Amino acid sequence: MPDDLLVDSYEKAIALNLCPQFINLLEKEIKRRSIHLKSCGSQTSYNENESQSIH
């Protein structure tokens, strides 16, 4: 899986409040690849708000 797809999957998994074990698996792979996320906390909050307004 390309790095950008991994990061996108991780962000969407958090936004959709998916299984914590799945999110942890994605986090471990991100760390293994030494990928740095752009201000994950604020971006995640934005995605959660965006996701709620769509439904």
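The following refers to the structure shown.

Basis of the calculations
- Residues numbered from 1 in each chain as written.
- Predicted model: local features only at pLDDT ≥ 70, side-chain atom pairs only at ≥ 80, totals over all residues.
- Heavy atoms only, no water.
- Helix = DSSP H or I, 4+ residues; strand = E, 2+ residues; numbered from the N terminus.
- Contact = heavy atoms within 4.5 Å.

Focus: the environment of Ile23
Move 1: Topologically, Ile23 is positioned in helix H2 (residues 20-32).
Move 2: Residues Ile23 and Ser9 lie 14 residues apart in sequence; the distance between their C-alpha atoms is 9.0 Å.
Move 3: In this structure, Ile23 is in contact with Tyr10, Ala13, Ile14 and Leu18, ignoring residues within four places of it in sequence.

So, unusual backbone geometry
Move 1: Although it is not a glycine, Asn17 adopts a positive phi angle of roughly 55°.
Move 2: With respect to the helices and strands, Asn17 occurs in the loop between helix H1 (3-15) and H2.
Move 3: With a phi angle near 55°, Ser34 is a residue other than glycine that sits in the positive phi range.
Move 4: Here Ser34 lies in the loop between H2 and helix H3 (40-54).

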